[in-house]
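# Structural features, examined
Take a look at the letters that make up each chain.
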Amino acid sequence: MLWERLANTEPGTRQELMQALCAEAELQKTRWVRCLPFILKTDPADFVQRISRGRFRAESVPRGEFELLRIVRVPVEGSKLREKISGEFGLFNVASRIWCISSPSEAKVFRACAVGALQYAAPRTSFIYITTNEIRSMFDAWAGEGIHVKILRHSEYNRDESTINFLRRRKDYKLVFAEIGEKNSVLRSLAGLAQTGKATTILEFSLSNLAQVGFRKGSLSFLTDRLLLEVGRVGVGRDLLFSNRERIGNALRPLSLIFDGEVLGERAQNNEFVRALTSVEKSAVAVFHANPYIHLIFTDFRDGSSFHVYSTSRSAVTIVPSFRASVAALMNLYRGISEKFADCAVSDSPAHAFGIEDFIPSATR
Amino acid sequence: MKDPRDELEERHLKRFSDYDQTVDVVSCWQSFTEFALRGATFYRFGRFRTDDEKDLTPDFAIAQDAHLGKKAGMGSLVCDVKKIPDPFADEAEGSSGSSAEIFSKTVESISKYGRTLRYVSDLGPPKVQFVDHDVVLMVPSEAVDSVYNHLRHNLNKKTFDVGRPLVLVEYVYSQSDRLERYVFRWKQGESNSTFSNDVLRKQMVQKAQPVRIFPAHFIPYKIRHVVCNDDPPEIYLLVFLWIEVFIKFLKEDDFEVWKLSPTNRIIEIQLTPAEIIEKLREDYSAPLTSEQIRMALDTLCQLKKARRREGSKDAYVINFSNLAGRAFEDEADQVGLPKRTEFREYGRLFARLLARKELKEKKASAPTWRKRGRKRGQPPRDTHTLRLPFP
């Protein structure tokens, strides 16, 4: 067990943790070390305390550069999940407020304990949503250094059909991403090889659009210093952009979403936009104005965050967070639009001061 | 034949969108005032008292050089936005009538602003007197010619005057050039009064320039206040309260329920109308009255989404949950998939709930054979022998 294996490492290094995770994966025949970088808005002790209630029990031991975590998901009265599931995890800092929970556990345990605990701890925690474009840019940068990614299999969400497809074909990543773009799909997860020019595999890995990373074999330093760090950087960017967006009094702190093309304005397009948002889990939508410009309120029932969303042109949408607006809820909303509706880039939308010429073009003061 | 429930539902949705459009127009002029009219103060909410102590609530007013206790300067205006015909006229006045009568009443109701008005609310803007103001009537472009002709015929003056000059402005939501915006134009015509406001007269009247206001200009104001000085229709208020206001009364730990189970699980929220009013005033500067909130809560009670708290005169218990997609599970077989998707949207959802309630009430008040004791299989008795429910 991971806990026992690292019981005497004081203080332990992250490298020791990764080696122990790999050894455990080998021993348990799970074959994969699973890592999930996420945004932690508090300290690890508070996080552990938060997940030591309700459906979860947790304990932790600091070990220098990492913490050892034991998480148990217990059955709760009235819940469909009656099975008790437990797992052991390592928790370490990747960058700024990005932490990574990792384990050699099988997928079921990782999903129930690690993913479940992160969902439960929201809004203190948030997943990191990575767009298809961001993943492609990361692989492009690797290719610039002579490291090519070959996709072994992937799953994609097709926006036209609202279906998830699993495809198992060995292909260069550029081909896969081009096909995804043509089909109006987005990448959900992939398994691939990162290889140098002579087809030497330096990493066999998996990656999902919620930043879950899998390590099968290869260079541990490439995993931690490149893949996890680069995913972590996306998380740092999102955290900086999505934090402290709550409305205070009449001061609004909007965000801008810019789409690649003219995807709004027609009735059918606007309906599609509303449909995409109504399909986001544990949320609600009220449309105030549907056509031609769109204005709606999106409320996240996980923590009560709410957002006004309105179109400012055929290719841009503004999100105005209300009095409660967590990073996790904004991430959820951004994911909903980007994944279910259309690719878009998110950025700060500073307040504009307008003049009379903006209302009457020929007017001069 | 159209399903009566669908008809009622559409009626509620129409009220929702008509009110929303008025909120848009008011928000447009608030943004225009803030950015383009120097030295002007915008009055979005509040009461304006006449000399005979009658309180009026125009859709908005703009005071030039507003100083406490003083007269608003030249160029001030008091404005009403009218949907023609007013969809609420028959309900508000408690009267019915031909569409021509409703039309006349709607248009003529603007004349009540043509007198000295004192702003009397404690909502922020200075309490000033509107003495030398223009009265502005804004109507949708498709109705402006009829309104112009009606005013010409009925006011019997060279230029429109209702005690103060009356300015007729048309508005339209335009999508030309693929740039969406509200466009406001001074109605061309020799009988229309000109603005006394320098900027508006020069640009809109003399140069005949339209004022164009884009969503990026006006929606921030709409978001800040959500409602306008008119009473919101029931559906608008219910949707806003449910999706934005009630949920803010829940604390972090309350949300654990929905993390562990579906969000249609009910969390009870105990609230008084005063608490809701305070929140709306604090957060949205929206001065909704106790009566409006109480009516909304009573409707929720009828919809079985709330109840009065036992042993309390004033408190309500809201059965709060996410209604998206779940409110009509009992109709799952009758309602097709596209409809069920629609019912995830709260406007449609509350329209359906209200329509269902109204049909139920209608049914309950209509005399039925069963109520008169007729058993299945028996022929109906002669209706003349039935005891009527009134003398």
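Bear in mind the structure is a predicted one, so any value in this text is a computation, not a measurement.

## Description of the overall build of chain B
On a plain count of helices and strands, chain B comes out with 12 helices and 14 strands. Residue burial in chain B is summarised as follows: out of 391 residues, 40% are buried.

## Section: the overall build of chain A
Within chain A, the regular secondary structure consists of 10 helices and 18 strands. Over its C-alpha trace chain A gives a radius of gyration of 22 Å, about what one expects of a compact globule, namely 21 Å for 365 residues. Structurally, chain A occupies a C-alpha span of about 75 × 50 × 40 Å along its principal axes. Here chain A holds 365 residues, and the buried ones make up 48% of them. Counting contacts in chain A only where the partners sit at least 6 residues apart, residues at least 24 apart contribute 59% of the total.

## Digging into unusual backbone geometry
Trans is the common state for peptide bonds, and a negative phi is the common state for residues other than glycine. With omega at 10 degrees, the peptide bond leading from Ala122(A) into Pro123(A) counts as cis. Residue position: Pro123(A) is located in the loop between α4 (107–121) and β6 (125–126). Despite not being glycine, Glu53(B) shows a phi value in the positive range, around 60 degrees. On the secondary structure map, Glu53(B) appears in the loop between β2 (48–49) and β3 (55–56). In the Ramachandran plot, Ser285(B) falls in the positive-phi region, its phi being about 50 degrees despite a non-glycine side chain. Mapping Ser285(B) onto the fold places it in the loop between α9 (273–284) and α10 (290–302).

## Considering the packing of helix α7 (residues 220–242) of chain A against helix α9 (residues 327–340) of chain A
Residue and element names in this part refer to chain A. Across the interface, α7 lies against α9 with an axial gap of 10 Å and an inter-helix angle of 110 degrees. What the angle tells us is that α7 and α9 run roughly perpendicular. Only Val-327, Leu-330 and Met-331 of α9 make contact with α7, whose side of the interface consists of Arg-238, Asp-239 and Phe-242.

## Focus: the sheet that holds strand β11 (residues 211–213) of chain B
Residues and elements named next belong to chain B. Taken together, 7 strands build an open sheet; the order of strands is β1-β4-β5-β8-β9-β10-β11 and the sheet is mixed. Taken across any chain shown, the strands that pair with only one partner, and hence form the sheet edges, are β1 (40–43) and β11. Shown here is a sheet whose adjacent strand axes are inclined to one another by a mean of 25 degrees, direction ignored. Pairing of β1 with strand β4 (residues 60–64) involves 4 bridges; the strand directions are antiparallel. By the bridge assignment for β4, Thr-41 is matched with Ala-63.

## Some words on the domain arrangement of chain A
Where interface size is quoted, it is often the accessible area lost as the parts come together. The domains assigned to chain A are domain 1 (2–126), domain 2 (132–209) and domain 3 (255–348). With centres defined by C-alpha atoms, the gap from domain 1 of chain A to domain 2 of chain A works out at 27 Å.

## Some remarks on the interface of chain A and chain B
Between chain A and chain B, the contact holds 46 residues from the first and 41 residues from the second. At the level of secondary structure, the elements contributing two or more residues to the side of chain A that touches chain B comprise α4, α8 (267–278), β14 (283–289), β15 (295–300), β16 (306–313) and α10 (356–359) of chain A. Its residues placed into classes, the side of chain A that touches chain B shows 21 nonpolar, 18 polar and 7 charged.

## Description of the environment of Lys82(B)
As for its placement among the helices and strands, Lys82(B) is situated in the loop between β5 (73–81) and α2 (89–92). Discounting chain neighbours no more than four positions away, the residues touching Lys82(B) are Thr106(B), Leu137(B), Met138(B) and Val139(B).

## A few points about the domain arrangement of chain B
Residues and elements named next belong to chain B. Domain assignment breaks chain B into domain 1 (4–225) and domain 2 (234–362). Where the side of domain 1 that touches domain 2 is concerned, the elements lending two or more residues are α1 (4–36) and α6 (215–225). With 9 residues, the single largest contributor to the side of domain 1 that touches domain 2 is α1. Looking at side-chain class alone, the side of domain 1 that touches domain 2 contains 7 nonpolar, 2 polar and 4 charged residues.

## Some details on the nonpolar core
Ala117(A), Leu296(A), Ala61(B), Leu168(B) and Val239(B) are the most contacted members of the largest nonpolar core, which has 214 residues in total. Val239(B) has contacts with Ala286(A), Tyr346(B), Gly347(B) and Phe350(B), leaving out every residue within four places of it along the chain.

## So, helix α4 (residues 141–155) of chain B
Residue and element names in this part refer to chain B. Between its first and last C-alpha, α4 extends 21 Å over 15 residues, near the 21 Å set by a 1.5 Å rise per residue. Among the residues of α4, Val-144, Val-147, Tyr-148 and Leu-151 are the ones counted as buried. Considered in projection along α4, the buried side chains sweep an arc of 110 degrees and stay on one side of the axis. Structural note: α4 exposes Glu-142, Asn-149, His-153 and Asn-154 on the side pointing more than 90 degrees away from its buried face.

## Some words on the sheet that holds strand β13 (residues 255–259) of chain A
Residues and elements named next belong to chain A. Strand order in this open sheet of 6 strands is β14-β15-β16-β17-β13-β18, and the pairing throughout is antiparallel. Looking along the sheet, the strands with just one partner apiece sit at the ends: β14 and β18 (344–348). Across this sheet, the average inter-strand angle for adjacent strands is 25 degrees, counted without regard to direction.

## Details of the packing of helix α7 (residues 234–245) of chain B against α10(B)
All names here are of chain B. The contact between α7 and α10 brings their axes to 10 Å, and the two run at 80 degrees. Overall, the two elements α7 and α10 adopt an arrangement that is roughly perpendicular. Between α7 and α10, the residues in contact are Glu-234, Leu-237, Leu-238 and Leu-241 and Gln-292, Ala-296, Thr-299 and Leu-300, respectively. A class-by-class count of the residues in the contact of α7 with α10 yields 5 nonpolar, 2 polar and 1 charged.

## Notes on the pairing of strand β1 (residues 33–40) of chain A
Residue and element names in this part refer to chain A. Of all the 8 residues making up β1, 8 are buried; the element is thus mostly covered by neighbouring parts of the structure. The two faces of β1 match: Val-33, Cys-35, Pro-37 and Ile-39 on one face and Arg-34, Leu-36, Phe-38 and Leu-40 on the other face are all buried. Relative to strand β12 (residues 213–218), β1 is paired through 3 bridges, and the arrangement is antiparallel. Bridged to Arg-34 within β12 is Gly-214. Note that β1 and strand β5 (residues 98–103) share 6 bridges and pair antiparallel. Bridging from a neighbouring strand, Ile-39 pairs with Ile-98 of β5. Where β1 lies against β6, 2 bridges are found, and the strand directions are antiparallel. The residue of β6 that forms the bridge with Ile-39 is Ser-126.

## Re the environment of Arg63(A)
Residue position: Arg63(A) is located in strand β2 (residues 56–63). Taking the C-alpha atoms as reference points, Arg63(A) and Gly12(A), 51 residues apart in sequence, are found 5.3 Å from one another.

## A few points about helix α6 (residues 173–182) of chain A
Residue and element names in this part refer to chain A. Those residues of α6 that sit buried are Tyr-173, Val-176 and Phe-177. Mapping the buried residues of α6 onto a view down its axis gives an arc of 95 degrees, with all of them on the same face. With respect to the buried face of α6, the exposed residues turned more than 90 degrees away are Leu-175 and Glu-182. Looking one or two residues beyond α6, the residue adopting positive phi is Asn-184, at roughly 55 degrees.

## Details of the confidence of the model for chain B
Residues and elements named next belong to chain B. A residue-level look at chain B finds 84% of positions with pLDDT of 70 or above and a mean pLDDT of 85. Looking over chain B, one finds the lowest element-wise mean pLDDT in α2, namely 47, and the highest in strand β14 (residues 316–320), namely 97. Residue range residues 87–95 is modelled with pLDDT below 50. Its contacts to residues more than four positions away, or to other chains, number 10 contacts. Listed scores for the predicted complex are pTM 0.91 and ipTM 0.91.

Quick notes on the rules
Residues numbered from 1 in each chain as written. Chains lettered and ligands numbered in written order. Predicted model: local features only at pLDDT ≥ 70, side-chain atom pairs only at ≥ 80, totals over all residues. Helix = DSSP H or I, 4+ residues; strand = E, 2+ residues; numbered from the N terminus. Buried ≥ 20, exposed ≤ 12 C-beta atoms within 10 Å, placed from the backbone. Rg over C-alpha atoms; globule rule 2.2 N^0.38 Å. Contact = placed C-beta atoms within 7 Å. Axes fitted to C-alpha atoms, helices over the stretch in contact; angles between N-to-C directions. Parallel < 35°, antiparallel > 145°, perpendicular 65-115°, else oblique. Pairing = 2+ DSSP bridges. Domains from an automatic or database assignment. Nonpolar A, V, L, I, M, F, W, Y, C, P; charged D, E, K, R; others polar. Core = buried A, V, L, I, M, F, W, Y, C linked by C-beta atoms within 7 Å. Expected span 1.5 Å × (residues − 1). Arc of directions from axis to C-beta. pLDDT = per-residue confidence, 0-100.

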